[in-house]
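Understanding the architecture of this molecule
Residue strings, one per chain:
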Amino acid sequence: MPVYPVITGNTLEPVNEFPMTVPCPECKEVVVTRVDFSAGALTYLLVIVMMLFGLVCCAFIPCCVNSCKDAYHYCPNCQHFFGVYKRLRLDRTRLIVI
């Protein structure tokens with residue numbers, strides 16, 4: 001029997017940037033998630049650091065690389081949002097690099 005990530009409410013906590021096999025609570029099917037990438041805190045932090053070190057001509061690169069972006073997981077059938085995998089999460093008390 002396959003093991004699926006834990007779904008709490010209508011979302012799950014994605015464990016990585018890769019598509020996952022999960023049961024969809026909306027369409028009631030087991031699906032492989034569709035992953036969309038979007039710029040997040042790590043992307044912008046890398047752009048700022050590159051600009052500070054004088055790499056202005058290369059500062060756009062983190063915006064073009066999926067491994068620097070946050071991963072949003074959706075159901076490919078009904079477009080239900082499962083959750084987001086954030087590369088850099090700013091907690092209230094500490095900085096967490098995932």
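Residues numbered from 1 in each chain as written. Predicted model: local features only at pLDDT ≥ 70, side-chain atom pairs only at ≥ 80, totals over all residues. Heavy atoms only, no water.

An unreviewed UniProt entry annotates the chain as LITAF domain-containing protein of Steinernema glaseri.

Focus on the overall build of the chain
Note the following rule: Strands here are runs of E lasting at least two residues and helices are runs of H or I lasting at least four, both read from the DSSP assignment and numbered beginning at the N terminus. The buried label goes to any residue with under 20% of its type's maximum accessible area, the exposed label to any with over 50%, and the partly exposed label to all in between, with areas taken from a 1.4 Å probe on protein chains only. Residue contacts follow a heavy-atom distance rule, with two residues in contact if any of their heavy atoms lie within 4.5 Å. In short, Shrake-Rupley with a 1.4 Å probe defines the accessible areas, and a residue's cover is counted only from the protein chains shown.
Along the backbone of the chain there are two helices and nine strands. When the elements of the chain are put in sequence order from the N terminus, they spell out β-β-β-β-β-α-α-β-β-β-β. Going through the 98 residues of the chain one by one, you find that 28% of them count as buried. The long-range fraction of contacts in the chain, counting pairs at least 24 apart against all pairs at least 6 apart in sequence, stands at 48%. In the form shown here, the chain has an accessible surface area of approximately 6400 Å², with 64% of it arising from carbon and sulfur atoms.

With respect to the packing of aromatic side chains
For clarity, the cut-off: The rule is short: rings of Phe, Tyr and Trp, with Trp giving its six-membered ring, pair when the centres are within 6.5 Å, and they are stacked under 30 degrees, edge-to-face over 60, tilted in between.
Enumeration over the complete set of coordinates arrives at two aromatic pairs. Seen from their ring centres, Tyr72 and Phe81 are 6.3 Å apart, and the 40° between their planes marks the pair as tilted. Through successive ring pairs, a cluster of aromatic residues spans Tyr72, Tyr74 and Phe81.

Some details on helix H1 (residues 41-52)
Side chains of residues three or four places apart in an α-helix project in the same direction, reflecting 3.6 residues per turn. Selection rule: Helices are assigned an expected span. That span is 1.5 Å times one less than the residue count. Each direction from the helix axis to a C-beta atom contributes to the arc, which is the arc of those directions.
With 12 residues, H1 ought to run about 16 Å at 1.5 Å a step, and its terminal C-alpha atoms sit 16 Å apart, in line with that. Among all positions of H1, only Thr43, Val47 and Met50 are buried. Within H1, the buried residues cover an arc of 70° as seen down the axis, which keeps them to one side. Buried residues along H1 sit in contact with helix H2 (61-64). Phi for Gly54, located one or two positions after H1, is positive at around 85°.

Some words on unusual backbone geometry
For Lys28, which is not a glycine, the phi torsion comes out positive at approximately 60°. Structurally, Lys28 is set in the loop between strand E3 (21-23) and strand E4 (30-32). Not every positive phi belongs to a glycine, and Gln79 is a case in point at roughly 65°. Among the secondary structure elements, Gln79 is positioned in the loop between strand E6 (70-74) and strand E7 (81-85).

Notes on a nonpolar patch on the surface
Note the cut-off: Residues enter patches when they are more than 30% accessible in relative terms and free of salt bridges; like-charged ones are connected within 9 Å and nonpolar ones (Val, Leu, Ile, Met, Phe, Trp, Tyr) within 5 Å. Throughout this description, the term salt bridge denotes a Lys or Arg side-chain nitrogen within 4 Å of a carboxyl oxygen of Asp or Glu.
A cluster of nonpolar side chains, contributed by Leu45, Ile48, Val49, Leu52, Phe53 and Leu55, occupies part of the molecular surface with about 620 Å² of accessible area. One can find Ile48 in helix H1. In this structure Ile48 comes out as partly exposed when scored by relative accessible area, which is 48%.

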